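Chain residues, written in single-letter form:
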Amino acid sequence: MSGPQVAIDLGRIERNARAVVERAALSGIKVFGVTKGSCGMPQVARAMLRGGVSGLAESRFENIRRLRESGIGCPIMLLRSPPISRVEEVVRTVDISLQSELEIIREISRIAQRIGRVHDIMLMVDLGDLREGIWPNDLLPTVERVLELPGVRIAGLGTNLTCFGAIMPTEDNLNQLVAYAYKIERLAGISLDWVSGGNSSSLPLLLENKLPAGINNLRIGEAILQGGYETFREEPWRELEFNAFRLTGDLIEVKVKPSLPIGESGYDAFGNQPVFVDEGDRLRGIANIGREDTMIEGLVPINPGVRVLGASSDHLVLDITEAEPPLVVGDRVSFHMNYGALLTAMTSEYVEKAPMHDIADFTGRRMVSIVADGAAGSLLARQSAGTRLEQMQFDVIEIADAEHPPVGLVRLHAGADRHTASKALEATAEAAHSFGLIWIDSIAALMPEGEEGDEAPERSVLARVLGLDHKPGALQPQLSPENVVLVGLREADPAEVRILKDSRVTAFTMAEVDGSGMREVMREAIRIASSGTVGFHVSYSPSATEIPGWATGSGGMTVRETHQAMEAIALSGGMLSMDVSGLDADTEPRVATEAINFVMSAFGKRIL
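Just so it is clear, the structure is predicted and the values come from calculations on it, not from any experiment.

Conventions we followed
Residues numbered from 1 in each chain as written. Predicted model: local features only at pLDDT ≥ 70, side-chain atom pairs only at ≥ 80, totals over all residues. Heavy atoms only, no water. Helix = DSSP H or I, 4+ residues; strand = E, 2+ residues; numbered from the N terminus. Rg over C-alpha atoms; globule rule 2.2 N^0.38 Å. Contact = heavy atoms within 4.5 Å. Areas by Shrake-Rupley, 256 points an atom, 1.4 Å probe, with all protein chains shown as cover. Pairing = 2+ DSSP bridges. Axes fitted to C-alpha atoms, helices over the stretch in contact; angles between N-to-C directions. Buried < 20%, exposed > 50% of the residue type's maximum accessible area, 1.4 Å probe, protein only. Right-handed = clockwise from strand over helix to strand, strands pointing away. Expected span 1.5 Å × (residues − 1). Polar contact = N/O pair within 3.5 Å; in protein donor to acceptor, adjacent residues only side chain to side chain. Patch = residues over 30% accessible without salt bridge, like charges linked within 9 Å, V, L, I, M, F, W, Y side chains within 5 Å. Salt bridge = Lys/Arg side-chain N within 4 Å of Asp/Glu carboxyl O.

Okay, the overall build of the protein chain next. Helix and strand content of the protein chain: 19 helices and 24 strands. Here the protein chain has a C-alpha radius of gyration of 28 Å; the compact-globule value for 608 residues is 25 Å, and the two agree. If you line up the protein chain on its principal axes, its C-alpha atoms span 80 × 70 × 45 Å. Pairs at least 24 residues apart make up 68% of the contacts formed inside the protein chain by residues separated by at least 6 positions. When the accessible area of the protein chain is evaluated, it comes to approximately 27,200 Å², of which 50% is carbon and sulfur surface.

Put into structure tokens, the structure is as follows:
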């Protein structure tokens, strides 16, 4: 870890979402999970969806685009009214938006009418927090004007509390919300889908059974992401878990120093006059975290005995005199973050984000299922692939129930062309709710399809499974472009280059392999493919490797570099499945031999 890192526990987020959703359901309330605190991270969104949220809520177009490009197709609510210049993006990308300004609603109507759509809006009423919202006296006149506009449907009424004026939700102000909703339905002759009673700050009323009947939606972010750390200050909600997000940095200096600065006092780098208490000489630590990374005032040390003294733009000063265990240079210090610190840390480009699932040690049988098409099966048999895997302590088995494979099973697919990868990825998508892909090949297979058909052309296979061709067959949301890495790319059509630049797929060309070295490339590839997933699939084409005397692989990775890549995969322990293509009756024996040797390295074959 070269800089600060936020470790994100997706298991806790999923469990928090489930706890909130199940409790809200008892009161007839559906929950939209607010993802803006994670910058619309798809892994976080999928955890919320696994926890049962009915949809997602976001405030930034960039985050919404990120979610959609990752194949997340659930309803998305836009939390912030857009500038007029971006209204068309609202109509095209979100299912419902929160609105309070008539001029913007008129523009939504104009755009929606032009492109032949009807856009749902939730009118926001201001109940005293004085952020966005129609003032109650203006609500019914605004409703009447909106009803005259084509292309717009009033789908709900909502409010926002605590975010600006710190006005808390109460039975009184939320009963006002419900009364306004009933009045709109009665006078306008419409039925509202949603009466949205606010954010996480409304949850204490829910737990006390004081949330007014008629409210059927809540927009929940903090309680899911942080376990209600901000919401339940006095009495925590026991079912919710804290510390789904932890900020960690490295100690880069540890020294005994006076606690009171020496010299004439002035202003710090941020225009403040800090006040210090003389505690004598203390052991101080400096961590590589600063105000460019997060809101320092929102950090709470997790390490016992550590105190935050202050920070500059890139140095966090700590008192570690009483730290248990004692801390030294190179040790890592971790912090819980309040919502403000979380927002700034997730936004900072200097902070690495590391989403991860609960890790369960697997000590049972290691099993491999081999699926080979045509001549590929004969080649595997001649190379004694099954026997060699058994010698490596794998049980080679046939799957009795393909939809419910045993825990610990790794699938190995082999075939003549890259359609083998497509079939292998489909099988992995059925078995894993989220996985990455390391594509080791000379080509990207992202060519736009020029012809219609159920099966994608071989050079379009990856575009199809990632949904980049906008045709049926995408393996989303299980496989997100953010978790896909191409390694050893040697050739790409201009159309593929455009797709690569527009997508979130990471590509390491041979030039980058030569420049950075295979070890560094694979370290980064495995990190990306593993980020917020349960593991990854490996797809290998022999064309990626320069096998002596074989023209097809000319200019590719060396045989040793390919083994190095596969060994890194084996050491990571993250491989869920693998496919190798290019094995048919015409495959040269030396190519088949090397390809199977590479497979053995990926499964953990060692010299010693």
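There's more to say after this.
Spatially, the 8 strands line up as an open sheet ordered S18-S17-S19-S24-S23-S20-S21-S22, and their pairing is parallel. Edge strands, defined here as strands with exactly one partner in the open sheet, are strand S18 (395–396) and strand S22 (506–509). Where strand S20 (residues 435–440) meets strand S21 (residues 479–489), 5 bridges bridge the pair, whose relative direction is parallel. From the neighbouring strand, Trp439 faces S21, where its bridge partner is Leu486. Strand contacts of helix H11 (residues 375–382): strand S17 (367–372) and strand S19 (409–414), with the helix running at about 135° to S17, the strand carrying the most contacts.

Covered by surrounding structure in strand S5 (residues 96–99) are Ile96 and Leu98 together with Ser97 and Gln99, the residues of both alternating faces. Of the pairings in the sheet, the one linking strand S4 (residues 76–78) to S5 comprises 2 bridges and is parallel in character. Within the sheet, the bridge partner assigned to Met77 lies in S5 and is Ile96. The parallel pair S4 and S5, bridged by helix H4 (residues 87–93), forms a crossover whose chirality is right-handed.

Residues lying three or four places apart along an α-helix face the same way, a consequence of the helix completing one turn every 3.6 residues. Looking at helix H3 (residues 61–69), one finds that the buried residues are Phe61, Asn63, Ile64, Arg66 and Leu67. Summarising the contacts, the buried residues of H3 are in contact with helix H2 (42–50), strand S3 (55–58), S4, H4 and S21. With its phi angle positive at about 85°, Gly71 sits one or two positions after the end of H3.

Let us look at helix H1 (residues 10–25). With 16 residues, H1 should cover 22 Å at 1.5 Å per step; its first-to-last C-alpha distance of 22 Å lies within 8% of that length. Buried residues of H1: Leu10, Gly11, Ile13, Glu14, Asn16, Ala17, Ala19, Val20, Val21, Arg23 and Ala24, and no others. Measuring from the side-chain oxygen of the N-cap residue of H1 to the backbone nitrogen of Gly11 gives 3.1 Å; that N-cap residue is Asp9.

Nonpolar side chains collect at one region of the surface, where Leu130, Trp135 and Phe164 lie side by side and expose about 380 Å² of accessible area between them. By the secondary structure assignment, Trp135 is in the loop between strand S6 (119–124) and helix H6 (136–147).

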